[in-house]
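# Close look at the chain arrangement
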Amino acid sequence: MSTFKIITHIEKVIFEKKYDKNIDQKINRKIIYFSRNGSNYYDDISLYNDTIYISGNRTKPIVELNILKTVNSTFYYSLVKALLFVYFEKHSFLVKTIEVIVDDKSIIKYNEEDIHQVFKNPKNSNISEIKCDKLFVDKKVSDIAMNALMNLTMSFKYSDLKFDYTWKCFNGLIRHIFNKDKDFEMLRELRNDIEKDKKSETNLYSKTMDFSSELTYDYIKSLSIKAMICNNYPKDKTKGLYEFLKSFTDYRIVKVLSENLSCKKNELNSINKFEEICEYYSKLLKYGCTKTNDIDVIRFVILKYAYYLRCKYFHAEKIPANFLIENMSQNELNKITEPLSIICYDLFINRL
């Protein structure tokens, strides 16, 4: 058997002495590093002043010097979870040193210049306060939570890649929550879940709904609507296009779609549906000119448009948005990242 300690010093005092009276509640945590046959095995975390201590033991001798670098390292997972907890529940910080001690002997030490300083960046103000209890529960849930928060952290650090990292957070969460393999199946289940939540008034997506409620017509209008419609509904999917267009009642979405119908006029005429759609939208805008349906906005902006952007960039159908200089496409990605990060928050807090 080997014992180990990982001692991390950060630049500021976050956990002060005043917490001593409640040390079990305020400072100490346990992380499950391994589960088998219903039994859990834990590492201990102590948070005090400017130092994070992780300690534990392993049945087999620890002989690898780079124990934080091995694939699926349980030591690395425990370290990352502890740092994520500090970052999301407290403040941003810079890591000064990380030292690994095995059997009371220091085997490796990382200094400030050796460490990727991913925790020094301010968090997104919309989702800055995330309670991280899920890092200290069931091993599978804990690992999903770690992955999600790692990607959110990276989205704060790399502003030109924040859409990519936020989508990874989103994708990892819905894949686990809805247990589906294909993207369209996960997105469909998410939509069903949001609609079910709305009817039951359980408010699992309250932050996302609040954002959708405040979203303006101008925001939606600024998106490349025609490009999305033409991409998602080529000539052989005109029936699907018709069903898509008839599925919205929110005046913001309806108004934007009505202004972009011309790009599919010929296809809709081919099935004798263009005039029908025009009349449908005209009546909605005339008699329900202020009618809102926040689920429509979520569906359109996140489940349709954000996914459209993800596919276009992931499959290299669009050129990089940040090559040489930041262009207008990057502005659009930044804009769509905001609601995407907010639904990540709701998924993480209420559905994971």
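Described in the following lines is the structure provided in the data block.

Basis of the calculations
- Residues numbered from 1 in each chain as written.
- Predicted model: local features only at pLDDT ≥ 70, side-chain atom pairs only at ≥ 80, totals over all residues.
- Heavy atoms only, no water.
- Core = buried A, V, L, I, M, F, W, Y, C linked by side-chain atoms within 4.5 Å.
- Buried < 20%, exposed > 50% of the residue type's maximum accessible area, 1.4 Å probe, protein only.
- Contact = heavy atoms within 4.5 Å.
- Helix = DSSP H or I, 4+ residues; strand = E, 2+ residues; numbered from the N terminus.
- Expected span 1.5 Å × (residues − 1).
- Polar contact = N/O pair within 3.5 Å; in protein donor to acceptor, adjacent residues only side chain to side chain.
- 1 Å grid on protein atoms, 1.4 Å probe; cavity = no way out; pocket = protein on both sides within 12 Å on 5 of 7 lines; lining within 4 Å.
- Points joined across faces, edges and corners; volume = space filled by probe spheres on them.
- Nonpolar A, V, L, I, M, F, W, Y, C, P; charged D, E, K, R; others polar.
- Axes fitted to C-alpha atoms, helices over the stretch in contact; angles between N-to-C directions.
- Parallel < 35°, antiparallel > 145°, perpendicular 65-115°, else oblique.
- Left-handed = near helix turned anticlockwise from the far one by under 90°.
- Pairing = 2+ DSSP bridges.
- Patch = residues over 30% accessible without salt bridge, like charges linked within 9 Å, V, L, I, M, F, W, Y side chains within 5 Å.
- Areas by Shrake-Rupley, 256 points an atom, 1.4 Å probe, with all protein chains shown as cover.
- Salt bridge = Lys/Arg side-chain N within 4 Å of Asp/Glu carboxyl O.
- Arc of directions from axis to C-beta.
- Disulfide = S-S within 2.5 Å.

This part takes up the nonpolar core. Of all hydrophobic cores here, the largest spans 108 residues; its most connected members are F170, L190, L257, F300 and I343. Residues contacting F300, with those up to four places away along its chain left out, are I220, I225, M228, F244, F248, I253, L257 and Y305.

Moving on, we come to helix α3 (residues 139-157). Given a rise of 1.5 Å per residue, 19 residues ought to cover 27 Å, and the 27 Å separating the end C-alpha atoms of α3 matches this to within 8%. Of the residues flanking the start of α3, the one acting as N-cap is D138, its side-chain oxygen 3.0 Å from the backbone nitrogen of K140.

Another point: the layout of surface pockets. Its volume calculated, the largest pocket comes out at about 680 Å³. Looking at the largest pocket, it is lined by 19 residues, and the ones nearest its centre are F184, Y233, L303, K304 and Y307. Contributions of two or more residues to the lining of the largest pocket are made by α5 (183-200), α8 (225-232), α9 (238-246) and α13 (294-314). A per-element tally of the lining of the largest pocket places α13 first, with six residues. Taken together, the residues that form the lining of the largest pocket break down as eight nonpolar, five polar and six charged. Within this model, the second largest pocket holds a volume of roughly 530 Å³. In this structure, the second largest pocket is lined by 21 residues; those nearest its centre are Y76, V80, I115, H116 and V118. Here the residues of the lining of the second largest pocket sort into 15 nonpolar, four polar and two charged.

Now for the packing of helix α2 (residues 74-89) against α3. One way to put it is that α2 packs onto α3 with a least axis distance of 10 Å and a crossing angle of 60 degrees. The angle between α2 and α3 falls in the class oblique. The hand of the α2/α3 crossing is left-handed. Only K139, S142, D143, M146, L149, M150, L152, T153 and F156 of α3 make contact with α2, whose side of the interface consists of Y76, Y77, V80, K81, L84, Y87 and F88. Class assignment for the residues of the contact of α2 with α3 results in 11 nonpolar, two polar and three charged.

A word on the pairing of strand β2 (residues 28-36). A regular strand places its side chains so that they alternate between the two faces of the sheet. Here eight bridges tie β2 to strand β3 (residues 39-48), and the two strands are oriented antiparallel to one another. What sits directly across from R29, in β3, is I45. Between the end of β2 and the start of β3, which pair antiparallel, lie two residues, with N37 showing a positive phi angle near 55 degrees.

With that settled, consider the sheet that holds strand β6 (residues 105-111). Across the sheet, six strands lie side by side as β2-β3-β4-β1-β5-β6; this open sheet has antiparallel pairing. Since the sheet does not close on itself, it has two edges, and those belong to β2 and β6, each with one partner. Within the sheet, the average angular offset between the axes of one strand and its neighbour, ignoring direction, is 20 degrees. Taken together, the six bridges between strand β5 (residues 95-102) and β6 define a ladder with antiparallel strand orientation. Following the sheet pairing, I101 is matched in β6 by S106. On the sheet, α2 packs against β1 (2-10), β2, β3, β4 (51-58) and β5 and is oriented at approximately 155 degrees with respect to β4.

This part covers a nonpolar patch on the surface. Together, F323, L324 and I325 make up a nonpolar patch on the protein surface, roughly 440 Å² of accessible area in all. By the secondary structure assignment, I325 is in the loop between α13 and α14 (328-351).

To continue, consider the packing of helix α10 (residues 251-258) against α13. Contact geometry for α10 and α13: axes closest at 8 Å, N-to-C directions at 45 degrees. The orientation of α10 relative to α13 falls into the category oblique. Contacts between α10 and α13 involve R252, I253 and L257 from the former and D294, D296, V297 and F300 from the latter.

This paragraph deals with helix α6 (residues 206-214). The set of residues buried in α6 consists of T208, M209, F211 and S212. Around the axis of α6, the buried residues are gathered within 160 degrees of arc, so they sit on the same side. Among the structural elements, α5, α10, α13 and α14 are those in contact with the buried residues of α6.

Turning to the state of the cysteines, a few remarks are in order. A full pass over the atoms with the stated rule returns zero disulfides. C169 supplies the cysteine sulfur nearest to C132, a cysteine that is in no disulfide, at a spacing of 12 Å.

Next up on the list: the pattern of salt bridges. Under the definition given, this model contains 15 salt bridges. Here K246 ties to E276 by a salt bridge, and the two come within 3.1 Å at their closest N and O atoms. With a gap of 30 residues between them, K246 in helix α9 and E276 in helix α12 (residues 274-287) connect regions that are remote in the sequence. A relative accessible area of 29% places E276 in the partly exposed class. Residues K264 and E267 are paired through a salt bridge, measuring 3.2 Å at the closest nitrogen-oxygen approach. What you see here is one network of salt bridges that share partners, running through K81, K139 and D143.

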